[in-house]
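The residues making up each chain are set out below.
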Amino acid sequence: MNIRLNPLAVLICGALIMAPAFAAQEGSKQDLGLNDYRYFKVYPHIERAHQAMKANDEKRALSSFEHAHEMAPESVRLTLWLAEAYRYFGHDKKAQTFLKDELKKKPQNPELQRALAAIPVPEPQVNSLEELLALQKQCDAEPTVDCRSKVGNYAIKFNQLSIARAQLSDPTFRHTAAAQQLTNNYIQRAIFRQQWTAADQGYALLDSDATLSEAQYQQWFAILLHMQRDQRILDLQSQGVMNSPGMQLAYAQSLAERNALMPLRHYLTSRKPAFNHPTEERNWLRLLATYCKEPGKMVANWTVKYPENQQYVLSTLVPIRIQKGDWQGANALLSKIPGDQGLDQRLALSLARNDTQTSLQVIRLISQTRDLSSQELENISYQLVVMDQGKMAAELLLRYWPFARAGRLQNSLSTRLYTQLALHPDGLSAESRMRLEKPLPTATQRMAQARLFQGQENCAIVRNLLGDMSAEYDAQSWSHLAQCYPSQPGLALYAAQQALARDPSPFYQRQVAYLAYAAEDYQLAQANWSRIPTATLVDNDVLAAARAAKLSGNDKAFDYWQDVAWHRGMAELKFDSAPTQDDAARGFALLAQGKHSEARDALEKARVTYPDSPEILRQLVYLNERLDDKPKTREYSERVVDDIDNTLTPQQQLSDKQKEDRFEFRRIHEDSDRRWTFTYDGSFGLTPNSMNSGGSSSSAQQGKSYRSYEQFEAEYRIGKNQLIDGDQLSVYSRIFAGSESDGEHNFMPVYEPMLGLGVRWKPLRDQVIYLAAEQQIPLGNHDGKTDVMLRASASFFNGGKYSDDWHPTGKGWMAQNLYLDAAHFVKADYQLYTADYRMSWHQKVNGHQTVEPYWHAQYNASTDTPYRDNTLGGVGVRFNTWFGETHYTAFPHKVSVGLEYQRALSGHNRDTDSKNNLFLTLGARW
């Protein structure tokens, strides 16, 4: 059979045969999505369009593609070819519009979306808020991922976080990668601008889409802590996030800082984080011990993971419980360890409870189980003395005598041993006495030994200890040796002269005089009595000096002593017996040795014999003041004032020396009667740029500078000799405020008020040095931060004739002062330093007022970040008024008002805009 096919039939058959092969090819009917009929209708137009494209015939190509698309509008491939043709001939905008229209018909078609996204869109230039709002309006009309991203990021650039946040509310955009990036940018800008609520919302959006990274959770947690979003934190922790041990610790510490006690206690009792570092566990233990209702029980029930924290529980938490009076809690902590451990803490607890029996048991156990360090020996022996167990203290000290490794404590330990042995001689066994009698290798040790053996019965031991007559011996030791040669006046006189060579005080001059008299060297005796200030002589000294002058044949000297005796109101000089050292001489000798209590007793006895001796009266004033016997100090100071007043006659006025002495004893009288002291200080900037220094001299709030500043303080003196001999202890409360609020400096200092409660210690009798610890508490709702300030301050060169106290003689006086101050803020962890030198002249206006021109130079520094310091100079004038004096009491009150000009000479990071300052200053003390 002959089969003939025309060309069209061949084409059709070929197409049918090859159809499976072309199914996946671009341009096939399958690719175009057309049936056979429509494919053959459209195909010629497609061919013409492609040929025209090759020939670069824009009009024919576009018209052919457009005609083909009209015939088959549902074909995605034709839509893509037409859009591509538009773009090929430079009609991007037309292609974009065309694809957008097609996407409205097929919104989820990925090929159309990719084609539209591939068309480059000119980046919109947004340079103002108005342009941003216009872009937002355009995007709201035709929202896309790209436009939402652009609007959001431009909004962040212009700090329009609400606009950025609005873009993220679009559900289509919300879950894209661009949205996540926008959210990150939004969060960081919110943090930078401290818009914590916005940052929190941003993290919540991110968290709803996917789990955050550890760093992101850390940052979000810090924001929630800052916002004090407690319930939000607890909710998230219940979901297993923000729940690391470190975060639990940080949240608990935040509650503690806010003093949120009830939530904190609940949180601490409901959590048991497994810490990865001993420091974190230690901080958690500190919170348990400080804030729980039953801190001892809570810490005792905690399983300590790190061994070093077991020691922390003993060395830190037990003392805290003891300090707070929580004996049960301290016992609970100690009950976790064997009875032979934690002995120091057990001793501290028993001492705090005044449980003498337990204290003695623990001390015995401590001394039996280990060798004590010098400091431990010092502390324990002191506690034994306080508990009236001096004999036990001596026995313990004897075990370690002569304290060869005690260093600086050797002297105090030796003194305590010798003192207790003197009080409890029965505690000194024959063996121990032999040890103590054996001379030690150094002169210092032998001097301390010899002081143990007082009295004539021990002179053989003293001569054995000090008989080498070393040049290193001090005056007291030479004097002691002189007393131990009763039958050898020559050696006794030599030793006394060695004492006098080392200390030319009246006591040693008097001793030489008496021993020279005993050695019948009357000329030497009379010469030494003549060198003793007349005011320090007692009547027996005058008698002895006159007799020595008589025996030496020095009639001129004898007449002098006769005149002294006449002025003292003594009876006619008689020489029935040789002079002896009476109670007065003994009292002055004890005073020279620093034995103040014994010296007072001896001078009290001497006053019975010499009731009108001015020197005895004056020494009794000083001794009672030093011993803090306020009633006796007032009594004797009044007698001294009366004694000076009795020299007044119509013909004779007080000399300048008498006036100064009278004022000195009236000041002692006033100071001994003082318990409370109230002070006020204020400095007010008179020019807008005036800036008071933020140094520690004013103790303003953590180094802040104010235009004006004021403080009121009330101090109560607890007493002298409270911790060591010669110290003074006080407690005080003060309120201080500045003139700054929200960055503005006003005139009246009524902003950021703070309350300070502290204890102040003056450790040295003769130096103006103070150490203080102060709790600072803000009195406003949002002003300042609670902190503890540790402070050291000192004042030099401001005593005697250069002091600022009233001077009773002259028309005026020069005053000066070097003030040094250092303050450390414990919580804020930085320091403030001040050094200020001032010199002034007090010109008297009348009997209780002065005009005081002055100049001063000051340096201030703060170690806060950034480091700040400044150097300034100032000149000014003050008007001072003293008032409130009585017959026996010097001025107790003082008020000052002044005007000062300051010039800032240099500085780093502080007050650079306020170099010239003018201040009104006010001060009061009563």
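Details of the structure are given in the entry above.
Structure report, in brief. For every chain, the first residue of the written sequence is number 1, and numbering continues from 1 along that sequence. Predicted model: local features are reported for residues with pLDDT of at least 70 only, side-chain atom pairs are reported and counted for 80 or more only, and whole-chain, interface and lining totals are derived from all residues. Heavy atoms throughout the structure, all of them, feed into the side-chain values; hydrogens and water do not.

Turning next to the overall build of the chain. Helical segments are the DSSP runs of H or I of at least four residues, strand segments are the runs of E of at least two, and each set is numbered from the N terminus. Scanning the chain for helices and strands turns up 40 helices and 14 strands. Burial here depends on accessible area, computed with a 1.4 Å probe over protein chains only, as a share of the maximum for the residue type. Under 20% is buried, over 50% is exposed, and the range in between is partly exposed. Counting every position in the chain, which comprises 926 residues, the buried fraction comes to 45%. In what follows, residue pairs with any heavy atoms lying within 4.5 Å of each other are defined as contacts. Look at the contacts in the chain between residues 6 or more apart in sequence, and 56% of them connect residues 24 or more apart. What sets the accessible areas is the Shrake-Rupley method with a 1.4 Å probe; for residues, cover comes only from the shown protein chains. Surface accessibility of the chain: about 47400 Å² in total, with carbon and sulfur atoms responsible for 53%.

Before going further, it helps to spend a moment on the pattern of salt bridges. Take a side-chain nitrogen of Lys or Arg and a carboxyl oxygen of Asp or Glu: if they are within 4 Å of each other, that pair is a salt bridge. By the definition in use, this model includes 38 salt bridges. A salt bridge links Glu 713 to Arg 760, with the nearest nitrogen and oxygen atoms 3.2 Å apart. Taken together, the residues Glu 713 in strand β2 (residues 708-720) and Arg 760 in strand β6 (residues 751-762) connect sequence positions 47 residues apart. Accessibility expressed as a relative area gives 10% for Glu 713, which makes it buried.

Moving on, we get to the state of the cysteines. Joining two cysteines, a disulfide is a covalent bond between their sulfur atoms. What counts as a disulfide here is a pair of cysteine sulfur atoms lying within 2.5 Å. All told, the structure shown has two disulfides when counted by the stated rule. Disulfide partner of Cys 139: Cys 147, at an S-S distance of 1.9 Å. Its torsion about the S-S bond being 60 degrees, the disulfide of Cys 139 and Cys 147 is classed as right-handed. Each member of the pair, Cys 139 as well as Cys 147, carries the same accessibility label: buried. Disulfide pairing is shown between Cys 459 and Cys 484; the S-S distance is 2.3 Å.

Here we come to the side chain of Ser 477. Summarising the element assignment, Ser 477 is placed in helix α30 (residues 475-482). For Ser 477, a relative accessible area of 3% translates into the label buried. Other than its neighbours up to four places away in sequence, Ser 477 contacts Met 447, Arg 451 and Leu 466.

Glancing now at the pairing of strand β1 (residues 676-685). Here a strand pair is declared whenever DSSP counts at least two bridges between the two strands. Pairing of β1 with β2 involves nine bridges; the strand directions are antiparallel. Opposite Thr 679, over in β2, you have Glu 713 as the bridge partner. As defined by bridge partners, β1 adjoins strand β14 (residues 916-925) across seven bridges and the pair is classed as antiparallel. Each residue of the ladder has a partner; that of Thr 679, found in β14, is Arg 925.

Let's shift gears to a nonpolar patch on the surface. Exposure above 30% relative accessible area and no salt bridge define the residues that can form patches, which grow by joining like charges within 9 Å and nonpolar side chains of Val, Leu, Ile, Met, Phe, Trp and Tyr within 5 Å. A cluster of nonpolar side chains, namely Leu 686, Phe 747, Met 748, Val 750, Tyr 751, Val 845, Val 851, Val 877, Phe 879, Val 897, Leu 899 and Leu 922, defines an oily patch on the protein surface of about 910 Å² accessible area. Taken together, the elements giving at least two residues each to the nonpolar patch come down to β12 (868-883) and β13 (893-908). Following the sequence through the fold, Leu 899 ends up in strand β13.

Moving on: empty space enclosed by the protein. Cavity means a closed set of points on a 1 Å grid over the protein atoms alone, one where a 1.4 Å probe fits but cannot get out, pocket means an open set with protein on both sides within 12 Å along at least 5 of 7 lines, and lining means a residue has an atom within 4 Å of a point. Grid points are joined across faces, edges and corners, and a volume is the space filled by probe spheres set on the points. Taken as a whole and assessed by the stated rule, the structure comprises four cavities of 30 Å³ or more. Lining the largest cavity, in full, are Asn 624, Glu 625, Asp 628, Asp 629, Lys 630, Thr 633, Ile 668, Asp 671, Ser 672, Arg 717 and Lys 720. A per-element tally of the lining of the largest cavity places helix α40 (residues 656-672) first, with three residues. The classification used treats Ala, Val, Leu, Ile, Met, Phe, Trp, Tyr, Cys and Pro as nonpolar, Asp, Glu, Lys and Arg as charged, and all other residues, Gly among them, as polar. Taken together, the residues of the lining of the largest cavity break down into one nonpolar, three polar and seven charged.

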